[in-house]
Amino acid sequence: MRRRCYLFKTIQLLLIGFLFYSYAMFQGGVVSYTLFYAVCGLLVYLFVMMLYPVRQIKATLTVDDTEFEAGEGTVVTVKVKRPLPLPFMFVTVGLSLPDSMHPTFTNITAFLDHVWPSRSLNTMRTALVSFKRETVFTYTLNHLPRGKHVLEGVDVTIEDIFLFSKKATQIKVNQVIYSYPISISTDKKNLAWTFQAVTKKLHPYHKLREDMAGVREYVSGDKMSQIDWKKSSKQETLFTKQFDPKPEEKVMFFLDTHNVTHEDEWAITVLYSLMRLFDTHKRAYHVNLAPFHERSFDQSLSQKQKQQKLAQWDVSHYDLTAVVFNKGITPIVISSRQADALPEALMYQLKKQNGLLILTSTTDRPKVSVTAIHLTPGMVLGGESDESK
C-alpha cells in the first residue's frame, strides 16, 4: 500500500514537471523558463519530503517534577531532532496520554463533586521549522489524579508546506510520573474521632490478661505489685512473678471499592490519612494490597515507598467480596459502597473478629450489626454531621 502511494505521488510530480516543461518549450521566453526552473526546485523539494527518513527522527522527553500530590501538575518538554535539516516543514508532536490521566482532579474539595471532568486528549503541537535540527515543544499537565502515570510514546508527524505528503511515526519513551494520594488535614475532627475509635478497638486486645509463666527470685528494682507473696511465705525469701509477653497487636487495613472513581479515590484518601496518623503516633499497622495473594506492606517502609505503593494501586481490580480474614488480626475495612450493598459474608467476618467498618460514601447504617464509622466527604470537608449516630 505504501509503495503504491509513493508510486502515485511520483507520477503526479513527473506529470506536473512535464506540463511545465511543455509550457516552457511551446511558449518560450525568459519568463516561461524561469517558471519552469522554479517549479523544478519545488518538485525536487516535494520528492525529498516524500522520501524523508521519518523513522530516523529522535525524540527525548523530560518532566520537571515526577513526584507530587494529586491535584498538582507538571511541565513536560519534548525535544525532536531531525536527521536532515530540511526547511519549510511542518512538524507536529503529540503525547500519548495514559488512561490514568483522563480524569482531572483539582484539589481535595473535588470529592464534594459527583462528576470529575475529563481531560482534553488533544496534545498536538505544530511548528514550522527552518534549518534547525532540534525543535522543542512544551506541555503543561495540570490537575493530575492519583496514580502511576506512564508516558510511553511521542507521536511525530511531518508535512510539507503544500500538504502534498504526510509521514508519521511513534517514538517509544518510558517516563513515569507519580501522583501521590492527597492527605486530609489532621485538624479535621471527624478524622481524629476515627483514629480514636480505631485505637479503642485495639485496647481491649492489647490489655488482655497476661498469663503467669513462672517465678524467679526477687531482684532489687522489681515492682512490689509483682511479688508472689504466697510462694515467698513458703520459701522464706521473696519471689517475683514472671509473665508471658503481651501479644503484639496487628491492625490490617482493607479497602472495599465498587468502581466509582470519585468515591473509590476518597476511600484511598481516608486510608492514607489514617496511615499518616498511625505513623505520627508510632502505631503498627499493615495495609492489604491483594486479598487473594496476601500482598501487604507495613509501617516499616519509608514514606516515599508507601506513597508509591498507594499511587500505583489499581483499585478497579481489588475485590474484597470473598476474602477470608486471617486469625490474629484486627481488620479495619474502609468501604466506598452503599450500606445496602455491603457483602454479608464480609460483614459477618468483620463482626466475628471484632473489626471496624469505615463507610466513606453513605451515612446509613449497615444491615449487620458491626462497629461502623462514617467519613463521607460532606462530613469531613463540608461540615455535615453523622445523622446515623
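You'll find the structure just up there.
Each residue is numbered by its place in its chain's sequence as written, counting from 1. Residue-level local features of this predicted model are given only where pLDDT is at least 70; pairs of side-chain atoms are given and counted only at 80 or more, and the full residue set underlies all totals for whole chains, interfaces and linings. To obtain the side-chain values, all non-hydrogen atoms of the structure were used and water was disregarded.

1. What to know about the packing of aromatic side chains
Planes of paired rings set the category: under 30 degrees apart is stacked, over 60 is edge-to-face and the rest tilted, where pairs are Phe, Tyr or Trp rings (Trp by its six-membered ring) whose centres lie within 6.5 Å. Taken as a whole and judged by the stated rule, the model has 12 aromatic pairs. Ring centres of Phe36 and Tyr37 lie 5.6 Å apart, and the angle between their planes is 50°; this geometry places the pair in the tilted category. Categorising residues by exposure relies on relative accessible area from a 1.4 Å probe, with only protein chains included: less than 20% of the type maximum marks a residue as buried, more than 50% marks it as exposed, and the intermediate range marks it as partly exposed. Classification of Phe36 by relative accessible area gives buried; the value is 13%. Aromatic side chains Phe253 and Tyr285 sit 6.2 Å apart centroid to centroid with 70° between the ring planes, which places their arrangement in the edge-to-face category. Residue Phe253 is found in strand 11 (residues 251-256), and its partner Tyr285 is found in the loop between helix 5 (261-280) and strand 12 (286-290); the two are separated by 32 residues along the sequence. We classify Tyr285 as buried; its relative accessible area is 0%. Each residue in the set Tyr21, Tyr33, Phe36 and Tyr37 is aromatic and connected to the rest through ring pairs, giving one cluster. We call a charge positioned above a ring when the Lys NZ or Arg CZ atom is no farther than 6 Å from the ring centre and deviates by at most 35 degrees from the ring normal. Its end group placed over the ring of Phe164, Lys9 keeps NZ or CZ at 4.6 Å from the ring centre. To qualify as a helix, a DSSP run of H or I must reach at least 4 residues; to qualify as a strand, a run of E must reach at least 2; elements of each kind are numbered from the N terminus.

2. Structural notes on the packing of helix 1 (residues 2-27) against helix 2 (residues 30-50)
One can describe the packing of helix 1 onto helix 2 by two numbers: an axis separation of 9 Å at closest approach and a directional angle of 170°. The pairing of helix 1 with helix 2 is recorded here as roughly antiparallel in orientation. Contacts between helix 1 and helix 2 pair Tyr6, Lys9, Thr10, Leu13, Ile16, Gly17, Phe20, Tyr21, Tyr23, Ala24, Met25 and Gln27 from the former with Ser32, Tyr33, Leu35, Phe36, Val39, Leu43, Leu46, Phe47 and Met50 from the latter. Under the convention adopted here, Pro, Cys and the residues Ala, Val, Leu, Ile, Met, Phe, Trp and Tyr are nonpolar, Asp, Glu, Lys and Arg are charged, and Gly plus all remaining residues are polar. Looking at side-chain class alone, the contact of helix 1 with helix 2 contains 16 nonpolar, four polar and one charged residues. Axes, fitted as lines to C-alpha atoms, cover a helix only where it is in contact. Angles between the N-to-C directions of the axes lie from 0 to 180 degrees. Throughout this description, any angle smaller than 35 degrees is read as roughly parallel, any larger than 145 degrees as roughly antiparallel, any in the 65 to 115 degree range as roughly perpendicular, and the remainder as oblique. What makes two residues a contact is simply this: any of their non-hydrogen atoms within 4.5 Å.

3. Some remarks on the pattern of salt bridges
Any Lys or Arg side-chain nitrogen found within 4 Å of a carboxyl oxygen on Asp or Glu counts as a salt bridge. Enumeration over the complete set of coordinates arrives at four salt bridges. Residue Glu67 is joined to Lys304 by a salt bridge in which the shortest nitrogen-to-oxygen separation is 3.2 Å. Note that Glu67 is positioned in strand 2 (residues 67-69) and Lys304 in helix 6 (residues 303-311), a separation of 237 residues in sequence.

4. Some words on the layout of surface pockets
Of the two site types, the cavity is a set of points on a 1 Å grid over the protein atoms alone where a 1.4 Å probe fits but cannot get out, and the pocket is an open set with protein on both sides within 12 Å along at least five of seven lines, each lined by residues with an atom within 4 Å of a point. Grid points are joined across faces, edges and corners, and a volume is the space filled by probe spheres set on the points. Of the pockets and cavities examined, the largest pocket occupies roughly 480 Å³. Lining the largest pocket are 25 residues, and of these Ser100, Arg146, Thr261, Glu265 and Asp314 sit closest to its centre. Those elements giving two or more residues to the lining of the largest pocket turn out to be strand 7 (147-160) and helix 5. In terms of residue count, helix 5 provides more of the lining of the largest pocket than any other element does, four residues in total. In terms of residue class, the lining of the largest pocket is built from 12 nonpolar, seven polar and six charged.

5. Details of the side chain of Thr77
Within the element layout of this structure, Thr77 appears in strand 3 (residues 74-81). The class for Thr77 is buried, based on a relative accessible area of 14%. Other than its neighbours up to four places away in sequence, Thr77 contacts Thr60, Leu61, Thr62, Val136, Phe137 and Thr138.

6. Quick notes on unusual backbone geometry
With a phi close to 55°, His143 is a non-glycine residue in the positive phi region. In this structure, His143 sits in the loop between strand 6 (134-141) and strand 7. On the basis of relative accessibility, which here comes to 36%, the residue His143 falls in the partly exposed class. One non-glycine residue, Asn354, adopts positive backbone phi at about 55°. Examined against the element boundaries, Asn354 turns out to sit in the loop between helix 7 (344-352) and strand 15 (356-359).

7. Examining the nonpolar core
Only buried residues count toward a nonpolar core. Its members are Ala, Val, Leu, Ile, Met, Phe, Trp, Tyr and Cys residues joined through side-chain atoms within 4.5 Å. Core analysis: the biggest nonpolar cluster contains 55 residues, and Phe253, Trp313, Ile334 and Leu357 have the highest contact counts within it. Broken down by secondary-structure element, the contributors of at least two residues to this core are helix 3 (189-206), strand 11, helix 5, strand 12, strand 14 (330-335), helix 7, strand 15 and strand 16 (371-374). The biggest single contributor to this core is helix 5, with 10 residues. When sequence neighbours within four positions are dropped, the list of residues in contact with Phe253 reads Leu271, Leu274, Phe278, Tyr285, His286, Val287, Asn288, Ile332 and Ile334.

8. Topic: the side chain of Ser273
Mapped onto the elements, Ser273 comes out in helix 5. Exposure remark for Ser273: the relative accessible area of 2% places this residue in the buried category. Apart from residues lying up to four places away in sequence, Ser273 is in contact with Ser183, Ile184 and Leu191.

9. Focus on the sheet that holds strand 6
One open sheet holds the three strands; their spatial order is 1-3-6, and the pairing between them is antiparallel. With one partner strand each, in any of the chains shown, strand 1 (58-63) and strand 6 form the two edges of the open sheet. The average angle at which neighbouring strand axes cross in this sheet is 20°, direction not considered. Bridge count for strand 1 against strand 3 is six bridges, and the pairing is antiparallel. Looking at the pairing, Ala59 lines up with Val80 of strand 3. Criterion used throughout: strands pair if DSSP finds at least two bridges between them.

10. Notes on the packing of helix 5 against helix 6
Interaxial distance between helix 5 and helix 6 falls to 12 Å at its minimum, and their mutual angle equals 165°. In terms of their interaxial angle, helix 5 and helix 6 are classed as roughly antiparallel. The two elements helix 5 and helix 6 cross, and the hand of that crossing is right-handed. Of the residues in helix 6, those in contact with Leu271, Tyr272, Met275, Arg276 and Asp279 of helix 5 are Gln303, Lys306, Gln307 and Leu310. Taken together, the residues of the contact of helix 5 with helix 6 break down into four nonpolar, two polar and three charged. Crossing handedness follows the turn of the near helix against the far one: under a right angle anticlockwise gives a left-handed crossing, and clockwise gives a right-handed one.

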